[in-house]
Protein chains: 2
Amino acid sequence: MLDIWTLRVLVEVADQGSFSGAASKLSMTQPAVSRQIAGMERRVGVSLFRRVPRGVHLTTAGEVAVGQAREILARMQALEARLGSFTDLETGHLRLSAFPSANTSFMPDAIRRMNEAYPGVTQSLVRIEPGEALSAIRDGTVDLGLVTAWELHPNLVAAKYSPPAWTIRSRPSKAWSSFRCWTKNCWSVCRPGIDSRISPGSDCAS
Amino acid sequence: MLDIWTLRVLVEVADQGSFSGAASKLSMTQPAVSRQIAGMERRVGVSLFRRVPRGVHLTTAGEVAVGQAREILARMQALEARLGSFTDLETGHLRLSAFPSANTSFMPDAIRRMNEAYPGVTQSLVRIEPGEALSAIRDGTVDLGLVTAWELHPNLVAAKYSPPAWTIRSRPSKAWSSFRCWTKNCWSVCRPGIDSRISPGSDCAS
DNA sequence: AACGCTTACGTGAGTCGTAATAATC
DNA sequence: GATTATTACGACTCACGTAAGCGTT
């Protein structure tokens, strides 16, 4: 059985036309993409890309694979969205945390928008020591936190310099289910079940 | 992004109605299945199964998930089959190996059927030391080998006692792309690209 | 020299199996 | 007591990032 993440890498390489471009988009390194594609080609026994001087080109088998991969990825996203709709935000309490400067900039507006969207949900702003936000989410101390890009992943700091910079990395770790870009340096990380119901405001780059 | 293997476990649990039953079918242990489902429930934030005394029952969210998972799995299988058709067995050479008793029982008939199906492909029977078959396939020394169940995976020995015993385990390791049951104790393991083009004869249980 | 893909190697995350525990019939 | 799900723990596999190598423009 092939892997979903492998398909994600496959279509990104096809879209970008090069391994390095796809790596940048996916917040990975070139060698990682190279290995992913090489591994998939070895498993299916067919060459999917023809390596050309300026990047890669799809082979006939690659065209077929990319087409089917797009459908599978779309269905997987639909499944996740459908399951996400089962978690009700009708009532309950949400524990938020943010780093100091975000507490005075993004947080007030985000809380205001949340109150409008989900009137039944109360929030509390939890104070978290710097560098402890991710572990607090993993441990269940808070439900959603705003963290700096470097705190989320060192690689994002490097990735942000090459446009398009603030794409959502599609392969979250087991510890958090999803994260989302507010600005180049400010990302939101959610506990499973919350996901992307709290979106950045219009004043954030997207 | 959810994992394909997780979906495979999900539908198997739904079909069997219990974690232990699914574990047996998938050649896994009970705790492994339990962790897989628990992890998926944590990621999507919804409970997929209701634990009842005699096993588990699907929740409403679980019903939706299983339905979509079936479609995704079917499309993934279709993709692999489609890509497999690109590897031509029109010409070439196939290096086979088997353990001693299989050399005199299954192999002669299998080679005869291969000659009929793929007249352009020549074969050679490679002598492999006992216990070296899997590593030989991984290293590329041979293309297809018949191995004993215990050699393939210790767990299969335990699994074979509970019918239906000889189902194809759907989660091959990175080293080999697929394997297939000929009898309870005899399995074929293929190098990537060959896959299941060489099928067991009618004299084998299936 | 610059750009892009590949390979080698050490490291960290994730999953498995075994064993022990709890709960239900 | 038998069956089933969960938790703890050690071991192993896999994928990543860093660094070095190779070919093309």
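An unreviewed UniProt entry annotates chain A as LysR family transcriptional regulator originating from Paractinoplanes rhizophilus.

Visitor: Sorry if this is basic, but what is going on with the overall build of chain A here?
Guide: When its secondary structure is counted, chain A shows 9 helices and 7 strands. Buried positions account for 47% of the 206 residues belonging to chain A. Look at the contacts in chain A between residues 6 or more apart in sequence, and 58% of them connect residues 24 or more apart.

Visitor: What's the story with the interface of chain B and chain A in this structure? I'm lost.
Guide: It is common to give the size of an interface as the accessible area that goes away when the parts come together. Counting from both sides, the interface comprises 38 residues of chain B and, opposite them, 38 residues of chain A. Of the roughly 3,500 Å² buried where chain B meets chain A, counting both sides, 69% is carbon and sulfur surface. Ranking the residues of chain B by area buried against chain A places M1, R75 and L83 of chain B at the top, with a combined share of 21%. Put simply, R75 of chain B and E71 of chain A hold a salt bridge, and the shortest N to O gap is 2.1 Å. Taken together, the links from chain B to chain A amount to 4 residue pairs in polar contact (both at pLDDT 80 or more).

Visitor: Explain the packing of aromatic side chains here, please?
Guide: Centre-to-centre distance and the angle between the planes together describe a pair of aromatic rings. Residue and element names in this part refer to chain A. Going through the model one piece at a time under the given rule, you end up with 2 aromatic pairs over all chains. Between F19 and F49, the ring centres sit 6.1 Å apart and the planes meet at 85°, which makes this aromatic pair edge-to-face. Highlighted residues: F19 in helix α2 (residues 19-25) and F49 in strand β1 (residues 49-52), separated in sequence by 30 residues. F49 carries the same exposure label as F19, and that label is buried.

Visitor: Looking at this model, I keep getting lost on the environment of V142 of chain A. Mind explaining?
Guide: Residue and element names in this part refer to chain A. Relative to the elements of secondary structure, V142 occurs in the loop between α7 (133-139) and β5 (144-148). V142 sits in the buried class, given a relative accessible area of 0%. Separated by 21 residues in sequence, V142 and V121 place their C-alpha atoms 15 Å apart. With near-sequence residues (within four places) excluded, V142 lies in contact with R95, S97, V126, I128, A136, I137 and R191.

Visitor: Which parts of the structure should I look at to understand the pairing of strand β2 (residues 55-58) of chain B?
Guide: Taken residue by residue, a regular strand's side chains alternate between the two faces of the sheet. Residues and elements named next belong to chain B. By the bridge criterion, 4 bridges tie strand β1 (residues 49-52) to β2 in an arrangement that is antiparallel. Across the sheet, F49 pairs through a bridge with L58, a residue of β2. As consecutive antiparallel partners, β1 and β2 are separated by 2 residues.

Visitor: Which parts of the structure should I look at to understand the nonpolar core?
Guide: Where a protein is soluble and globular, its nonpolar side chains tend to be buried together. V13 of chain A together with V13 of chain B are the most contacted members of the largest nonpolar core, which has 62 residues in total. Mapped by element, the contributors of at least two residues to this core are α1 (4-16), α2, α3 (30-44) and α4 (60-84) of chain A together with α1 (4-16), α2 (19-25), α3 (30-44) and α4 (60-84) of chain B. In contact with V13 of chain B, other than residues within four places in its own chain, are S18, F19, A22, V33, I37, F49 and V56 of chain B.

Visitor: Sorry, what's going on with the packing of α4 of chain A against α4 of chain B here?
Guide: In a pair of packed helices, the angle between the axes and the distance between the axes together describe the arrangement. α4 of chain B packs onto α4 of chain A with a crossing angle of 175° between their chain directions and a minimal axis gap of 10 Å. By the angle between their directions, the pair α4 of chain A and α4 of chain B is classed as roughly antiparallel. The class makeup of the residues in the contact of α4 of chain A with α4 of chain B is 18 nonpolar, 2 polar and 6 charged.

Calculation criteria
- Residues numbered from 1 in each chain as written.
- Chains lettered and ligands numbered in written order.
- Predicted model: local features only at pLDDT ≥ 70, side-chain atom pairs only at ≥ 80, totals over all residues.
- Heavy atoms only, no water.
- Helix = DSSP H or I, 4+ residues; strand = E, 2+ residues; numbered from the N terminus.
- Buried < 20%, exposed > 50% of the residue type's maximum accessible area, 1.4 Å probe, protein only.
- Contact = heavy atoms within 4.5 Å.
- Buried area = accessible area lost by both parts, 1.4 Å probe.
- Salt bridge = Lys/Arg side-chain N within 4 Å of Asp/Glu carboxyl O.
- Polar contact = N/O pair within 3.5 Å; in protein donor to acceptor, adjacent residues only side chain to side chain.
- Phe/Tyr/Trp six-rings, centres within 6.5 Å; stacked < 30°, edge-to-face > 60°.
- Pairing = 2+ DSSP bridges.
- Core = buried A, V, L, I, M, F, W, Y, C linked by side-chain atoms within 4.5 Å.
- Axes fitted to C-alpha atoms, helices over the stretch in contact; angles between N-to-C directions.
- Parallel < 35°, antiparallel > 145°, perpendicular 65-115°, else oblique.
- Nonpolar A, V, L, I, M, F, W, Y, C, P; charged D, E, K, R; others polar.

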